[in-house]
Amino acid sequence: MNNYLPVTILTGFLGSGKTTLINHLLNHNQHEKIMIIENEFGPINIDSKLLKSDRNIEILEMTNGCICCSVQGELISALHHLYQRRLNGEIAFDRLIIETTGLADPAPILQAFFIDEFIRETIQLDAVVTLVDCENIINDLNEHRVIASQIGFADRVILTKTDRINDDEKIIIVKRISNINRKATILEAKHGQIAKSQWLDINAFQLNDDLHLNNGLFIFENDRSLTDKSILLKSANNLQKSYNDEICSYLFEAGELDLKKIGEFTETLIEQYGNDMLRYKGVLAIKDQSQKLIVQGVHKVVGFDYGQQWENEQDKVSKFIIIGRKLPFKELKQKFLLTAVNKS
Ligand SMILES: Nc1nc2c(ncn2[C@@H]2O[C@H](COP(=O)(O)OP(=O)(O)OP(=O)(O)O)[C@@H](O)[C@H]2O)c(=O)[nH]1
């Protein structure tokens, strides 16, 4: 065991299948030891009873309230404590999963990883994984705002209970989720069955140039390569329904950009709208620069870095995606386009 400690935030509304997924992971992952932080409302944590006790699992329960509103500080000190005990050899585990209560907005949980310097430097936030209960999602989305937020923050959305719906219903659900979050890869798990490589060790918070935009459901052909299950969605092309979800994806595209102008645009954007920007990522082509400029952020926490080289001139297209709450899309698009270099 080394000091490297990856953390996955697992969210999903009440009954969406979080415990079922973890149980499946534990049954098929004998080599790794997993620490789980569970957070439920109320004084008794029922979930830990449902999780099969196993040698390769330790559960830390946080039952004083919801992580998201009252115990962010408690989460931070729990993370410090766990890390230190692991370092001292008092407990051994290879990864940590934070299973949130179904009612939690992931924002404050995510923020804990950025606001605390010690955590930022020692613990690697791997990804936010959100489960969606396909049997109930359409009704629940309209009634519980937190679900759109859980989907909006996700790097992976895993559909559950797909055995309870037909393909047409699945298409509608996939479209609705894509409308909210076009950056997350949408996958499927029946009764928790999904390979761990599909939702663990994603490295979603590393500054890399992977800006994968989803248009549908994905399956993994082998361990890592994603294949668009487009057949399922072709029949849905005429489904042009627009949704009124508060949170949705905004995509900006242009050619080469002026570094100073895009810097100013991003700064103003974050200053004005950072609170309403759940996640965002840009892979940008900068004039006279052979490397891709990567921008990635959560609310007002943003990181910039140069990534790989562009392979050839024709590929130099700048893409910037924001998953946000009620942003003035037309106005922002116009401002983004103004940062482009005029080629004439
Ligand atoms: N039909 C069907 N049922 C499922 C599937 N996945 C989970 N379930 C069932 O859904 C119910 C809720 O699953 P849990 O894993 O307890 O969900 P949870 O997200 O941990 O629930 P909370 O802790 O209440 O938020 C259980 O009865 C599961 O057996 C699935 O793919 N298909």
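These numbers were taken from a predicted model, which means no experiment stands behind them.

Structural notes on the domain arrangement of the protein
Split into domains, the protein comes out as domain 1 (6-234) and domain 2 (247-337). Contact residues are listed per partner, giving 16 residues for domain 1 and 20 residues for domain 2. Elements with a minimum of two residues in the side of domain 1 that touches domain 2: α4 (107-115), α7 (145-152) and α8 (167-180). Among the elements that make up the side of domain 1 that touches domain 2, the one with the highest residue count is α7 (three residues). Per-class residue counts for the side of domain 1 that touches domain 2 are eight nonpolar, five polar and three charged.

Some words on the site of the ligand
In the vicinity of the ligand lie 17 residues, with Gly-17, Lys-18, Thr-19, Thr-20 and Gly-102 positioned nearest. Ranked by the residues each element gives to the shell around the ligand, the list is headed by helix α1 (residues 18-27), at three residues. The residue makeup of the shell around the ligand, split by class, is one nonpolar, ten polar and six charged.

Quick notes on the packing of helix α3 (residues 72-87) against α4
Their axes nearest at 10 Å, the elements α3 and α4 cross at an angle of 45°. Viewed along their axes, α3 and α4 adopt a mutual orientation that is oblique. In the crossing of α3 with α4, the sense of the turn from one axis to the other is right-handed. Between α3 and α4, the residues in contact are Gln-72, Leu-75 and Ile-76 and Pro-108, Ile-109 and Ala-112, respectively. Looking at the contact of α3 with α4 residue by residue, the classes come out as five nonpolar, one polar and no charged.

Quick look at unusual backbone geometry
Phi at Asn-203 takes a positive value of approximately 55°, unusual for a residue other than glycine. Take Asn-203: it is sitting in the loop between β7 (185-188) and β8 (218-220). A positive phi is found at Asp-288, a non-glycine position, where the angle reads about 60°. Structurally, Asp-288 is set in the loop between β11 (277-284) and β12 (291-298). Residue classification places Asp-288 among the exposed positions, given that 8 C-beta atoms sit within 10 Å.

A closer look at the pairing of β12
Where burial is concerned, most of β12 is hidden: six out of the eight residues are buried. Between the end of β11 and the start of β12, which pair antiparallel, lie six residues, with Asp-288 showing a positive phi angle near 60°. Judged from the seven bridges that link them, β12 and strand β13 (residues 301-309) form a sheet pairing that is antiparallel. Across the sheet, residue Leu-293 finds its bridge partner in β13, namely Tyr-306. The loop that links β12 with its antiparallel partner β13 comprises two residues; one of these, His-299, has a positive phi angle of about 50°.

Comments concerning the sheet that holds β12
Pairing within the open sheet is antiparallel, and its five strands lie in the order β10-β14-β11-β12-β13. At either margin of the open sheet sits one strand with a lone partner, and together these are β10 (247-254) and β13. For this sheet the average axis-to-axis angle between neighbouring strands, irrespective of direction, equals 10°.

What counts and how
- Residues numbered from 1 in each chain as written.
- Predicted model: local features only at pLDDT ≥ 70, side-chain atom pairs only at ≥ 80, totals over all residues.
- Domains from an automatic or database assignment.
- Contact = placed C-beta atoms within 7 Å.
- Helix = DSSP H or I, 4+ residues; strand = E, 2+ residues; numbered from the N terminus.
- Nonpolar A, V, L, I, M, F, W, Y, C, P; charged D, E, K, R; others polar.
- Near = placed C-beta within 6 Å.
- Axes fitted to C-alpha atoms, helices over the stretch in contact; angles between N-to-C directions.
- Parallel < 35°, antiparallel > 145°, perpendicular 65-115°, else oblique.
- Left-handed = near helix turned anticlockwise from the far one by under 90°.
- Buried ≥ 20, exposed ≤ 12 C-beta atoms within 10 Å, placed from the backbone.
- Pairing = 2+ DSSP bridges.

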